[in-house]
Number of protein chains: 2
Amino acid sequence: MNFNTILGKKDFLEYLRGKKASFVLSCSVTNTAQIEGISQAGIPGKMYLTPTLDAEFLAIKEVRSLDNIATTTKGIPTPALITRAVHELKPFSSLEFLNLGLEVLPKFEHFKIYDFNIIASENIKTGANIDAMDVFQKGVEFGQNYKSSNEYTILAETIPAGTTTAMATALALGYDCKEFFSSSFKTNPKTIKDEVLNTALENIKPHMDIFERLSYVSDNMIVFNAGFILGLQATKHKLILAGGTQMAAVLLTVNSILKTMGGEIDSSKLALCTTKWLFEDENSDIKALLELLDFKINAYSSQFDFLTSKSKVLKLYDKGEAKEGVGAGAALIYASINGVKKEDIVNKVEELLGE
Amino acid sequence: MNFNTILGKKDFLEYLRGKKASFVLSCSVTNTAQIEGISQAGIPGKMYLTPTLDAEFLAIKEVRSLDNIATTTKGIPTPALITRAVHELKPFSSLEFLNLGLEVLPKFEHFKIYDFNIIASENIKTGANIDAMDVFQKGVEFGQNYKSSNEYTILAETIPAGTTTAMATALALGYDCKEFFSSSFKTNPKTIKDEVLNTALENIKPHMDIFERLSYVSDNMIVFNAGFILGLQATKHKLILAGGTQMAAVLLTVNSILKTMGGEIDSSKLALCTTKWLFEDENSDIKALLELLDFKINAYSSQFDFLTSKSKVLKLYDKGEAKEGVGAGAALIYASINGVKKEDIVNKVEELLGE
């Protein structure tokens, strides 16, 4: 099992081969997820629980805040299964959680949950109502003071409807990228999503600065992590952004802030890692999105798939359902640079699924 | 391969998943082991060598103080084989040794052997003659000053006849637990052991305080490690007590000291880990023993067995022989939270055994 280089050189990942990794999961809720049919990542009516359940399952292989693990409406299990499988086969050396506006705290002991006094953001159709400057500053501070005993950190996300807020963010910041975005649906729900986006973007006025725009249409995961990335520039720590188009939106936000404020970034300490499914997705273009950046970025996709699995629900991943989330792509790439066999991951995911 | 939760929540071990561990082996001799038929853990007449040989084999895969590795009278190899196998497959990041009254020092270089000027304790039938307050204080000091580059330490033991002194300790401290104790025999040698216990406990008088009682019937492993646990409370370090009923006796001793002295313990930094064989043993009840404590304790058992092994002597473990020692259970659990496969351990143990 190996990885593909989307952009940049493979040297970054080759350098990290065999090194220990910290894993940090950004957990956030946007009430945009309450819009019927906007997201597949959770239980209808209980989308706000998805990040809580993902955090629980990843940490303790148990969902304590609900009876069953979050599945999509078509019964596709959360990509947290994949990340957990990797964590069992080749454990990350630490698992930590960022509370970027959870409705329900994960029910576990010992694991660190960083709290920033951030509340769930509102539906972007009527305005997310994020204090974007404040959330961004909190991210910067967290990055500046970030301590880890490892050389790199995998930064992942779980936020239902996050692809919608990501797309709204990039569009509100003026990027010409409407066609480059994915959702976790196989058939991008153009009608619902387009309607949400159009309504949300109507709130954006030409005179607004970056942070005002983010306040209306973004989410706390994007705004905080844009700050985190910039704050971390004060250190030598290396960061893997674990995700697809949502992490691309984080980078586009960083890019806009740098352009406005005239700052610079050493992006050689940074990379984006995603799944094969997201990279090969016909309804989005991660490479094109990253090429909108004014700085160079290393980006990679995993080579893992469920081709050899007998599980019908897992094979839906290969058909383009779910695609990415909870750092699945980066976890698979981490597995590949740490000698884990593909078959062992397939077997472990099946075992976790109870198949 | 996974672990079972005996008491508490699995969160403690899940938190430690992927983290590096220090391994510390408490090596001690009680001359109680000289009583014929009292212990199976070594060579008759040379029981005092067992901890020395276990230490050597664990550290260097060689027994330099004797021609052959310590086997029980029925030819069951020491559980040090299991711990060594795990150490080869997923090495502990350090191996250190506590000399808690060895007759013969292990013959190896570089490895740290902490010396506390403690001598082997005597046969409890006539009184162990331990300066219990002094040994306890040495443990406390060691705990208070304990330094490790890791977040947790696995504390194991090797002391032949240790289940007898453990049982005597708990009974002398007034716990109603006679039926909860195991020995390393399959058929608990009730006659010999009962006779030893009865004789030993006759020396305990109602007016005696805890330390006087320990002086008569305990062993240095128990007394020192009770101090170690309490001294370590001054730090944030996490500790896994690697063993079955003997480590339970250490905890019961801690419990009695706390009750008498009015102290408190943060037991969330502490857990006991043992083997499946000990947990499932019909002649002892580790869970019931731990439920005698006035504080809560996390306790876990490994899921490992030799079901798939072709070795007849190893299969004796599955039949309830030997069961635990030299931290075998904790080592197996450490393997399970670090991605080691069961089959790899079976194969490695067979290889070490020369089968």
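Small disclaimer: the values here were computed from a predicted structure and weren't measured. (Residues numbered from 1 in each chain as written. Chains lettered and ligands numbered in written order. Predicted model: local features only at pLDDT ≥ 70, side-chain atom pairs only at ≥ 80, totals over all residues. Heavy atoms only, no water.)

Please explain the overall build of chain A as it appears in this structure.
Counting secondary structure elements, chain A contains 14 helices and eight strands. At 18 Å, chain A has a C-alpha radius of gyration in line with the 20 Å of a compact globule built from 355 residues. Counting only C-alpha atoms and orienting by the principal axes, one finds that chain A spans roughly 55 × 45 × 40 Å. Relative to its full complement of 355 residues, chain A shows a buried share of 65%. (Helix = DSSP H or I, 4+ residues; strand = E, 2+ residues; numbered from the N terminus. Rg over C-alpha atoms; globule rule 2.2 N^0.38 Å. Buried < 20%, exposed > 50% of the residue type's maximum accessible area, 1.4 Å probe, protein only.)

Would you explain the state of the cysteines in this entry?
Among covalent bonds in proteins, the disulfide is the one between the sulfur atoms of two cysteines. All chains considered together, the criterion is met by zero disulfides over all chains. The structure places no disulfide on C273(A), whose sulfur is separated from the nearest cysteine sulfur, that of C27(A), by 19 Å. (Disulfide = S-S within 2.5 Å.)

How should I be thinking about the interface of chain B and chain A in this particular structure?
Size of an interface, as often reported, equals the accessible area lost when the parts are brought together. Every contact between the two is made by 18 residues of chain B and, on the other side, 21 residues of chain A. Between chain B and chain A the total buried area reaches about 1600 Å² when both faces are included, carbon and sulfur atoms providing 46% of it. Across the contact surface, chain B and chain A share five salt bridges. Notably, a salt bridge pairs E62(A) with K10(B), separated by 3.0 Å at the nearest N-O pair. (Contact = heavy atoms within 4.5 Å. Buried area = accessible area lost by both parts, 1.4 Å probe. Salt bridge = Lys/Arg side-chain N within 4 Å of Asp/Glu carboxyl O.)

Please clarify how unusual backbone geometry should be interpreted in this entry.
Residues other than glycine predominantly adopt negative phi, and peptide bonds predominantly adopt the trans conformation. Positive phi values are uncommon outside glycine, yet H110(A) reaches one of about 75 degrees. With respect to the helices and strands, the residue H110(A) is situated in the loop between strand 3 (94-99) and strand 4 (112-115). Since its relative accessible area comes to 26%, H110(A) is described here as partly exposed. Positive phi, close to 65 degrees, is recorded for A322(B), a residue that is not glycine. Note that A322(B) resides in the loop between helix 12 (312-318) and helix 13 (328-336).

Explanation requested: the pattern of salt bridges in the structure shown.
If the charged atoms of two oppositely charged side chains come close together, the side chains can form a pair. Counted according to the given criterion, the structure contains 30 salt bridges over all chains. We note a salt bridge from E14(B) to R84(A), for which the minimum N-O separation is 2.9 Å. Placement of E14(B) in helix 1 (residues 11-16) and of R84(A) in helix 3 (residues 80-89) is noted, with the two residues assigned to different chains. Assigned by exposure class, E14(B) and R84(A) land together as buried.

When you look at the sheet that holds strand 1 (residues 3-7) of chain A in this model, what are you seeing that I'm missing?
The strands that make up a sheet pair up through hydrogen bonds in the backbone, lying either parallel or antiparallel. All names here are of chain A. With respect to topology, eight strands assemble into an open sheet ordered 1-8-7-6-5-2-3-4, the strand pairing being mixed. Pairing within the sheet leaves two strands with one partner each, and these edge strands are strand 1 and strand 4. The mean angle between the axes of side-by-side strands here comes to 25 degrees, regardless of whether they run parallel or antiparallel. Relative to strand 7 (residues 270-274), strand 6 (residues 238-242) runs parallel, the two sharing four bridges. Among the inter-strand pairings, L239 is bridged to a residue of strand 7, identified as L270. (Pairing = 2+ DSSP bridges. Axes fitted to C-alpha atoms, helices over the stretch in contact; angles between N-to-C directions.)

I'm lost on the packing of helix 3 (residues 80-89) of chain B against helix 14 (residues 342-353) of chain B in this one. Help?
The relative placement of two packed helices comes down to the angle between their axes together with the axis-to-axis distance. All names here are of chain B. In the contact formed by helix 3 and helix 14, the axes pass within 9 Å of each other and the chain directions differ by 115 degrees. At the point where helix 3 passes helix 14, the crossing takes the right-handed sense. Residues L81, I82, R84, A85, V86, E88 and L89 of helix 3 pack against D344, I345, K348, V349, L352 and L353 of helix 14. Its residues assigned to classes, the contact of helix 3 with helix 14 shows nine nonpolar, no polar and four charged. (Left-handed = near helix turned anticlockwise from the far one by under 90°. Nonpolar A, V, L, I, M, F, W, Y, C, P; charged D, E, K, R; others polar.)

That's the geometry; what it means functionally is another story.
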